[in-house]
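Residue strings, one per chain:
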Amino acid sequence: MGISVESSPLQILQKFLTPEVIQIVVDETNRYAEQDKLWQPPSYTNWSDVDESAIWQFFATTFVMGLVKKPAIHEYWTTDPLLRTPFFSEVMSRNRYFDFCGL
C-alpha cells in the first residue's frame, strides 16, 4: 500500500524507516555501545541493549522535542508542575534518553 491522503504521519515515516532499517539501527547502536564501553566504562554502568521498541521511543521523543521547545534538554523531564510535559517521562526516562545520546 502506498502513501495516500489518509496516511498518518507514522505510516509515512514507516515507509522510510522500514523494519529492516530499524533493525540496522538496533544492531549498530548495540554494537557501538559494546565497543565504546571498553573505553568509557563509567558511562555504561546502567546501559542495557536496545530493541526496536526503544529505538521508536527514542525517535518519538526526539521528534516531539521539535514541537515542544524547552531551553535545555534536561527540561523535557522536569517535574515542576508549571513546566512539566508528561509525554517525555511517560515514553522514556531522562537517563535512558541521555544514554542514547551519550550525555
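Relevant structure appears above.
Description of the structure in this document. (Residues numbered from 1 in each chain as written. Predicted model: local features only at pLDDT ≥ 70, side-chain atom pairs only at ≥ 80, totals over all residues. Heavy atoms only, no water.)

## Examining the overall build of the chain
Secondary structure summary: the chain contains 5 helices and 0 strands in total. Ordered by position in the sequence, the α and β elements of the chain form the string α-α-α-α-α. Along the first, second and third principal axes, the C-alpha atoms of the chain reach 50 × 40 × 20 Å. The buried share of the chain, taken over its 103 residues, is 25%. A separation of at least 24 residues holds for 55% of the contacts in the chain among residues at least 6 apart in sequence. A total of about 7,300 Å² of accessible surface is found on the chain, and carbon and sulfur atoms cover 60% of it. Seen as two clouds, the 8 positive and the 13 negative side-chain charges of the chain have centres 6 Å apart. (Helix = DSSP H or I, 4+ residues; strand = E, 2+ residues; numbered from the N terminus. Buried < 20%, exposed > 50% of the residue type's maximum accessible area, 1.4 Å probe, protein only. Contact = heavy atoms within 4.5 Å. Areas by Shrake-Rupley, 256 points an atom, 1.4 Å probe, with all protein chains shown as cover. Lys, Arg positive; Asp, Glu negative; His and termini not counted. Charge placed at Lys NZ, Arg CZ, Asp CG, Glu CD.)

## Let's talk about the pattern of salt bridges
Any two side chains of opposite charge can pair, so long as their charged atoms come close to each other. Inspection of the entire model under this criterion finds 2 salt bridges. With its nearest N and O atoms 2.9 Å apart, the salt bridge here joins glutamate 28 to arginine 31. In this pair, glutamate 28 and arginine 31 both sit in helix H2 (residues 19-36), 3 residues apart, roughly one turn of the helix. A residue is classified by how much of its surface remains accessible, and arginine 31, at 44% relative accessible area, is partly exposed. Note that glutamate 34 and lysine 37 form a salt bridge whose closest N and O atoms lie 3.6 Å from each other. For glutamate 34, a relative accessible area of 45% corresponds to the partly exposed category. (Salt bridge = Lys/Arg side-chain N within 4 Å of Asp/Glu carboxyl O.)

## Points about helix H3 (residues 52-65)
One turn of the α-helix equals 3.6 residues, which is why residues spaced by three or four share an orientation. The end-to-end C-alpha distance of H3, which contains 14 residues, comes to 20 Å, matching closely the 20 Å that a straight helix rising 1.5 Å per residue would cover. Among the residues making up H3, those that are buried are Ala54, Ile55, Phe58, Phe59, Thr61 and Met65. Buried residues of H3 fall within an arc of 165° about the axis and therefore sit on the same side. Packing partners of the buried residues in H3 comprise H2, helix H4 (86-91) and helix H5 (94-101). The N-capping residue of H3, defined by a side-chain oxygen 3.2 Å from the backbone nitrogen of serine 53, is aspartate 51. (Expected span 1.5 Å × (residues − 1). Arc of directions from axis to C-beta. Polar contact = N/O pair within 3.5 Å; in protein donor to acceptor, adjacent residues only side chain to side chain.)

## Considering the layout of surface pockets
The probe, sized like a water molecule, is rolled over the atoms to show the empty space still left. The volume enclosed by the largest pocket comes to roughly 420 Å³. As for the largest pocket, its lining consists of 22 residues, of which Phe98, Asp99, Phe100, Cys101 and Gly102 are closest to the centre. Counting residues per element, the ones that place at least two in the lining of the largest pocket are H2, H3 and H5. Split by residue class, the lining of the largest pocket holds 13 nonpolar, 7 polar and 2 charged. (1 Å grid on protein atoms, 1.4 Å probe; cavity = no way out; pocket = protein on both sides within 12 Å on 5 of 7 lines; lining within 4 Å. Points joined across faces, edges and corners; volume = space filled by probe spheres on them. Nonpolar A, V, L, I, M, F, W, Y, C, P; charged D, E, K, R; others polar.)

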